[in-house]
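Letter by letter, the chains look like this.
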Amino acid sequence: MNPSTAWFLACRPKTLTVSLSPVLVGTAIGWHEAGHLLWLPLLAAALGAALIQIGTNLFNDVGDYLRGIDRPGRFGPRRATAEGWLTPAAVRVGAWISFALAFLCGVYLVVHAGWPIVVIGLCSLYAGWSYTGGPRPIAYGPFGEFFVLVFFGIVAVGGSHYLQMPAWSALAVLAGSLLGLHAAAVITVNNYRDLDTDRDAGRRTLAVRLGRPATCRLYIGEMLLPYLLLALLAAPLGAYAALPLLTLPLALLLCRRFIRTAPGPAFNGILAATAAHQLGFAALLALAFIRP
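Okay, so let's go over this structure. Bear in mind that the values here come from a model prediction, so they are computed numbers and not experimental data.

About the criteria used
- Residues numbered from 1 in each chain as written.
- Predicted model: local features only at pLDDT ≥ 70, side-chain atom pairs only at ≥ 80, totals over all residues.
- Heavy atoms only, no water.
- Helix = DSSP H or I, 4+ residues; strand = E, 2+ residues; numbered from the N terminus.
- Rg over C-alpha atoms; globule rule 2.2 N^0.38 Å.
- Buried < 20%, exposed > 50% of the residue type's maximum accessible area, 1.4 Å probe, protein only.
- Salt bridge = Lys/Arg side-chain N within 4 Å of Asp/Glu carboxyl O.
- 1 Å grid on protein atoms, 1.4 Å probe; cavity = no way out; pocket = protein on both sides within 12 Å on 5 of 7 lines; lining within 4 Å.
- Points joined across faces, edges and corners; volume = space filled by probe spheres on them.
- Nonpolar A, V, L, I, M, F, W, Y, C, P; charged D, E, K, R; others polar.
- Disulfide = S-S within 2.5 Å.
- Contact = heavy atoms within 4.5 Å.
- Core = buried A, V, L, I, M, F, W, Y, C linked by side-chain atoms within 4.5 Å.
- Axes fitted to C-alpha atoms, helices over the stretch in contact; angles between N-to-C directions.
- Parallel < 35°, antiparallel > 145°, perpendicular 65-115°, else oblique.
- Left-handed = near helix turned anticlockwise from the far one by under 90°.
- Phe/Tyr/Trp six-rings, centres within 6.5 Å; stacked < 30°, edge-to-face > 60°.
- Lys NZ or Arg CZ within 6 Å of the ring centre and 35° of its normal.

**Concerning the overall build of the protein**
On a plain count of helices and strands, the protein comes out with 14 helices and zero strands. Listed N to C, the secondary structure of the protein is α-α-α-α-α-α-α-α-α-α-α-α-α-α in terms of helices and strands. For 292 residues, the compact-globule estimate of 2.2 N^0.38 gives 19 Å, and the C-alpha radius of gyration of the protein, at 19 Å, lies within 12% of that figure. Principal-axis analysis of the C-alpha atoms gives the protein an extent of 50 × 45 × 35 Å. With 292 residues in all, the protein has 53% of them scored as buried.

**Some remarks on the pattern of salt bridges**
What the rule picks out here adds up to six salt bridges. With a shortest N-O distance of 3.6 Å, Glu83 and Arg78 are connected by a salt bridge. Owing to a relative accessible area of 24%, Glu83 belongs among the partly exposed residues under this scheme. Among the ionic pairs, Asp198 bridges to Arg203, the shortest N-O distance being 3.6 Å. Residues participating in the shared-partner salt-bridge network are Asp64, Asp198 and Arg203.

**Remarks on unusual backbone geometry**
A positive phi is found at Arg12, a non-glycine position, where the angle reads about 55°. Tracing the chain through its elements places Arg12 in the loop between α1 (3-10) and α2 (17-34). On the basis of relative accessible area, Arg12 is assigned to the buried category, the value being 15%.

**Re the layout of surface pockets**
If you add up the space inside the second largest pocket, you get close to 580 Å³. Taken together, 32 residues form the lining of the second largest pocket, with Gly48, Ile52, Ile120, Gly121 and Ser124 sitting closest to its centre. When residues of the lining of the second largest pocket are traced back to their parent elements, those giving at least two are α2, α3 (39-66), α5 (88-113), α6 (115-130) and α7 (144-164). If one sorts the elements of the lining of the second largest pocket by residue count, α6 sits on top with nine residues. Grouping the amino acids of the lining of the second largest pocket by side-chain chemistry returns 23 nonpolar, nine polar and no charged.

**Observations concerning the state of the cysteines**
Structurally, a disulfide amounts to a covalent bond that connects the sulfur atoms of two cysteines. All told, the structure shown has zero disulfides when counted by the stated rule. Between Cys11, a free cysteine, and Cys105, which holds the nearest cysteine sulfur, the sulfur-to-sulfur gap is 15 Å.

**Points about the environment of Asp198**
Here Asp198 is to be found in helix α9 (residues 195-200). You can call Asp198 buried: its relative accessible area is 2%. With near-sequence residues (within four places) excluded, Asp198 lies in contact with Ile69, Asn191, Arg203, Thr205 and Val208.

**Section: the nonpolar core**
Membership of the largest hydrophobic core comes to 48 residues, with the highest contact counts inside it found for Val25, Ile29, Tyr219, Leu233, Phe258, Leu285 and Phe289. Per-element tally for this core: the top contributor is helix α8 (residues 170-193), with 12 residues. Residues within four places of Leu285 in sequence aside, it is in contact with Val25, Ala175, Leu230, Leu233 and Pro244. Counting residues in each nonpolar core, the second largest holds 19 residues, with Val62, Leu86, Ala102 and Cys105 among its members.

**Structural notes on the environment of Arg203**
By secondary structure assignment, the location of Arg203 is in the loop between α9 and α10 (206-210). Along the sequence, Arg203 and Pro142 sit 61 residues apart, while their C-alpha atoms lie 9.0 Å from each other. Apart from residues lying up to four places away in sequence, Arg203 is in contact with Asp64, Ile69, Ala139, Tyr140, Asp198 and Val208.

**Quick look at the environment of Gly26**
Topologically, Gly26 is positioned in helix α2. Along the sequence, Gly26 and Arg209 sit 183 residues apart, while their C-alpha atoms lie 33 Å from each other.

**Some words on the packing of α3 against α5**
With their axes 8 Å apart at the nearest point, α3 and α5 run at an angle of 155° to one another. Our classification of the angle between α3 and α5 gives roughly antiparallel. Relative to α5, α3 is oriented so that their crossing is left-handed.

**So, the packing of aromatic side chains**
Two aromatic rings, taken as a pair, are described by how far apart their centres are and by the angle between their planes. Following the criterion strictly, the structure yields 13 aromatic pairs and no others. Both rings, one in Tyr126 and one in Trp129, keep their centres 5.9 Å apart while their planes meet at 45°; by these two values the pair is tilted. Note that Tyr126 and Trp129 are positioned in helix α6 at a spacing of three residues, about one turn of the helix. Counting every residue linked through ring pairs, the aromatic cluster contains Tyr131, Phe147, Phe151 and Phe152. When the ring centre of Tyr192 is taken as origin, the NZ or CZ atom of Arg212, which lies over that ring, is 4.7 Å away.

In structure tokens form, the structure reads like this:
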């Protein structure tokens, strides 16, 4: 494996939209409320969010390998450390470099928007590390979906909005919840695919605790509940609140695939499609806020 290709795959580019989508929506809400767009905070927030997710992915890569969870032949995408493409030490250093670069983005954002960004940034960095690091990794318990809903939904949208307009917004919290549910669906796909190997390795993810039938229902709820919650945006957005409904057919198709597909490598495609669906939903939701 070419080293540059190995690093590219280790960053898991197909899922990076999960960190960029809330920045897009939070910025759109800030633009909607403030009446202007601040480009530098937008770019710094997007870069910082992507770097935090990359660092989290790299820590996950090396952490799962050292705990004996990722092995060659697993159902999920091949992992750089488990496949021997990169050494554990190199991947760990790469993760810390990603976090350090995200921290530098955060320094600018703190100068721009003040102490609330300090709290958001430090909590996000700690959460990214503890997702698969430390004595009790979040990803190994039943709170992975909740973690993603909060940090890749409510916190990310709210923080991105705050950078455009230094005030807290109920609209940002609501929109963050919608995107967070779709982000949590990405984790549910991953955990459903790996349910058997996770259980054998001692991981107690929500999918392991619920079992396959209940996890199917959880995925359907995470995918479809945001469409019901769009009704709460009708007052501030009018008919434009219905724009994200254009992605509903894809959501229904993904729910059908989730139910009918046997657990295995085919779920890698469902995972990538779920992340792409969230980006489409986010783009249309952002458009609803910035329409002429």
